[in-house]
Amino acid sequence: MGGETCPECSAPVSPKDRFCEACGRNLRVRRTPVGGPGSQWPPLCACGGAEFDEDGACEACGRARPSARDRVEFALPGVAGISDRGRRRRRNEDSMAFGRVRGRGTAVVVCDGVASSERAEQASQVAVDTAADVLLTGLQSGTLQSARDAERATAEAVVAANAAVARLARPEAAEVAPSCTFVSAVVTDGSATVGWVGDSRAYLVAEAGAARLTSDDTWAAQLVAQGVLTEEEALTDRRAHVLSRWLGADSGVTEPQTVTFMVETPGLLVLCSDGLWNYVPEPEDLLAALPPEAIARRVAPLEVARALVQVALDAGGHDNITVVVVQLRGGGGS
Amino acid sequence: MAVAPEFAVEVRQNEHLPAGAGRVEAVVTVTATGGARAGPAADAAEVLVLDTSGSMRSPPEKLAEAVRAAEAALGVLRDGVRFAVVAGTDTARVVYPPGPGLAVAGPRTRAAATRAVRRLRAAGGTAMGRWLLLADALLSGPDAGAPDAGGPGSRASGAGPRHAILLTDGENRHESPQELAAVLERVAGRFTCDCRGVGTDWRVAELRGIAEAMLGTVDIVADPAGLARDFESMTLAAMGKAVADVSLRLWTPGHAEVVFLRQVAPALLDLTGRRRRTGPRTGEYPTGAWAAGESRDYHLSVRVRPAAVGERMLAARIALVGPGEAVSGRGRVLAVWTDDAALSTRIPPEVAHYTGQAELAEAIREGLRARRAGDAARATARLGRAVRLAHESGNTGTAKLLAAVVEVRDAASGTVRLRADVTEVDEMTLDTRSTVTKRVGRD
Ligand SMILES: [Zn+2]
Ligand SMILES: [Zn+2]
């Protein structure tokens, strides 16, 4: 394909170039910005006001200055994600990071900061950045060709992310140590590996149907597995969202659960926080919420993500909503 | 110049609103803190306005006590304070000093003023607006410490406290209510004025109107013998003010409406209509003069445009503005929309308390009005309600005054019977003091 330009400086580049001749940027790897959407405030309030008092209230309409994290959209070829504050929470404590290594594959990480811990948005951001680094480095080095390699890299990513989140903790406030959930995907030619800790989820949707790839690390899910609760009881149980595993100083987590599957037909891999799946818990619900033709890959992944986030917002948006959609080509390559 | 004042602002509110609601209520406590001290005596100015209309002769001790009260006030004027004494009838004249402007307090001038006051004789009518105009002319002259003698309602700046005491025993017969209102419009904010009614022939509503416009107090002095001590304490309080001409600055967001702003402690005073626009979203309300350590409560109600659940809005920002536009203190009233009814239905005790105190004052006034009109059923219902509110809020002062007008059978339920033998003094005392609130509990 011709006419490509450097994402950094817009200089024309060839698909064969590994680095931009003009600015030296690595052209094989493209990823979401480290640190998230940036801590700098958007310049304007939704009302158009440009002046804010020292507490961030708009001088014209009084509303709190929007954070750049309130709504984050990012798209790369074949993968796109949205992270939205939702309608009820004061901050967006979800984070997402993903990247693409040309000719090698795609890595995605979604983390949901635990609201009852302090600095939850920092926890989720440092976790996704750290884990994405590990997975993208593996993809670049070409060592993630087998399922075992991908699962090992996923475990390394979790260990690194867990350590990074643990470093945020203050020893004197151990009970509110920053913490978050974790779900990741490494998508290469022909296969995909999903890893998770906590209750963020991954779904696979294809023409043949939809499936949930993850099982929640929650007390309710454990009780269902042990036959103490039914699925329906678990949904309304107050322990439904109490995590049994998470990342953070007090997590004790050493490895994720993982699953690897062959990508044989076209479809979509959806990673999301509970802010989405609360409203579309079953794979069939998610399937029904997709725009028409989405599975046939006639809709850009960013549009698919927008449609899913909108479903959650329309249903009340009680929590932060993060959705990352990866297109699966099927029959080799993503 | 008085020492620059500092103010602390504390806001009590429930910022959580249910979806679609736009009314935000807060109780704002303002306290003069910091290094505020009474300024140099030369910055303070005091004018005593004594009613010398013909009615002051009956009984004869009325004028005698007024003279004694003026002597007491003169006795506590600090050396260096600028002062004058005005005698009011259907016109007004300066009793002291004999020359133009104000005198400087000192042993010689105090003695001379006392001699002049003792020569006062009562004769003529009552036109309080003219008394106030003369007081204003004296207080805004070049020797009163007020550098600008600006137009109507203008704010003097950089001056010490300018204060008047107005004593009367009767109705404002010799000018129309419109004439008095026009004078108040003109002089409001230029000095503060405490009003005292002696005897029972004056009208509570009339004197309260003057006191509220002039940001002063109003009270009844039923027994002339109590006048001297009252004058002395008012004069001392006026001279103890560290800073005059303080305004409360209120910012509200676009599309917001200030439903009301009223002082609720130590007494009720509605400031809503006193707003002076200072910017597209800001206005200032006069609060008069403040002593060091003085603390007052204000009840603010703002209507904002409702935002979506989860949104946060600054509904008001409060600061105090002193002389020379010195801004001090800062309070924030917030609004957060939520669908959690447990959060949004909570009424803060301070807001509930002062809502009750305002209703208490209203019930007393309505009850007394009905009683005068001979509507016993309505008077019983309203005064019963007042008894119950006074009881519930622990306003024992008002409860005591109510008990002189109604026989209380059960305070908790507000069960009362009208007394047949109510004296004019008891009724007027209750009416006058109905705006005195019980301050909300604090440690
Ligand atoms: Zn470049
Ligand atoms: Zn705005």
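Quick look at the structure, then.

So, how was this worked out
Residues numbered from 1 in each chain as written. Chains lettered and ligands numbered in written order. Predicted model: local features only at pLDDT ≥ 70, side-chain atom pairs only at ≥ 80, totals over all residues. Heavy atoms only, no water. Contact = heavy atoms within 4.5 Å. Buried area = accessible area lost by both parts, 1.4 Å probe. Salt bridge = Lys/Arg side-chain N within 4 Å of Asp/Glu carboxyl O. Polar contact = N/O pair within 3.5 Å; in protein donor to acceptor, adjacent residues only side chain to side chain. Helix = DSSP H or I, 4+ residues; strand = E, 2+ residues; numbered from the N terminus. Nonpolar A, V, L, I, M, F, W, Y, C, P; charged D, E, K, R; others polar. Pairing = 2+ DSSP bridges. Axes fitted to C-alpha atoms, helices over the stretch in contact; angles between N-to-C directions. Donors = N, O, S within 2.8 Å, 3.2 Å for Na, K, Ca; no water. Tetrahedral: all angles 85-135°; square planar, octahedral: opposite > 155°, others 65-115°. Buried < 20%, exposed > 50% of the residue type's maximum accessible area, 1.4 Å probe, protein only.

A look at the interface of chain B and chain A
Counting from both sides, the interface comprises 14 residues of chain B and, opposite them, 16 residues of chain A. Summing the contributions of chain B and of chain A, the shared interface buries around 1,300 Å²; its carbon and sulfur component is 38%. Looking only at chain B, the three residues that lose the most surface to chain A are G310, R312 and R330 of chain B, adding up to 34% of its buried area. The tally of links between chain B and chain A comes to eight salt bridges. Of the charged contacts in the structure, one is a salt bridge between R317 of chain B and D53 of chain A, with a shortest N-O distance of 2.8 Å. Connecting chain B to chain A are 13 residue pairs in polar contact (both at pLDDT 80 or more). When residues of the side of chain B that touches chain A are traced back to their parent elements, those giving at least two are β17 (312-321) and β18 (327-338) of chain B. Among the elements that line the side of chain B that touches chain A, the one with the most residues is β17 of chain B, at four residues. Here the side of chain B that touches chain A is built from residues that sort into five nonpolar, two polar and seven charged.

A few points about the sheet that holds strand β8 (residues 191-197) of chain A
All names here are of chain A. A sheet is described by the order of its strands in space; here six strands give the open sequence β1-β4-β5-β7-β8-β12, paired in antiparallel fashion. Pairing within the sheet leaves two strands with one partner each, and these edge strands are β1 (29-31) and β12 (257-262). On average, adjacent strands in this sheet sit at an angle of 10 degrees to one another, irrespective of strand direction. Note: β1 against strand β4 (residues 94-101), three bridges, orientation antiparallel. Looking at β4, one finds that V29 is bridged to V101. With respect to the sheet, helix α2 (residues 147-166) is in contact with β7 (182-188), β8 and β12, its orientation differing from that of β8 by roughly 30 degrees.

Details of the sheet that holds strand β15 (residues 282-291) of chain B
All names here are of chain B. Read across the sheet, six strands follow the order β2-β18-β17-β11-β15-β14 without closing on themselves; strand pairing throughout is mixed. Because the sheet does not close on itself, it has two edges, and the strands there are β2 (16-18) and β14 (276-277). Pairing geometry for β14 and β15, over two bridges, is antiparallel. Looking at the pairing, R277 lines up with G283 of β15.

Remarks on the coordination of the zinc ion (ligand 2)
Residues and elements named next belong to chain A. For the zinc ion (ligand 2), the full set of protein donor atoms is C45 (SG), C47 (SG), C58 (SG) and C61 (SG), at a range of 2.2 to 2.4 Å. Taken together, the four donor atoms coordinating the zinc ion (ligand 2) and their angles of 104 to 115 degrees define a geometry best described as tetrahedral. Mapped onto the polypeptide sequence, the residues donating to the zinc ion (ligand 2) form the spacing pattern C-x1-C-x10-C-x2-C.

Topic: the coordination of the zinc ion (ligand 1)
Residues and elements named next belong to chain A. Coordination sphere of the zinc ion (ligand 1), protein contribution only: C6 (SG), C9 (SG), C20 (SG) and C23 (SG), at 2.2 to 2.4 Å. Here the zinc ion (ligand 1) binds four donor atoms, and the angle range of 103 to 115 degrees at the metal identifies the geometry as tetrahedral. For the zinc ion (ligand 1), the donor residues sit on a single chain with the sequence spacing C-x2-C-x10-C-x2-C. One end of the pair, C9, is in the segment before β1; the other, C20, is in the segment before β1, with eleven residues separating them in the sequence.

Some words on the pairing of strand β13 (residues 267-272) of chain A
Residues and elements named next belong to chain A. Here β13 lies mainly inside the structure; six of its six residues are buried. Of the two faces of β13, both are covered, the one formed by G267, L269 and L271 as well as the one formed by L268, V270 and C272. Where strand β9 (residues 201-206) meets β13, six bridges bridge the pair, whose relative direction is antiparallel. Pairing of L204 across the sheet is with L269, part of β13. Examined bridge by bridge, β13 and strand β14 (residues 321-328) share six bridges and lie antiparallel to one another. Bridge assignment links L269 to a residue of β14, and that residue is V326.

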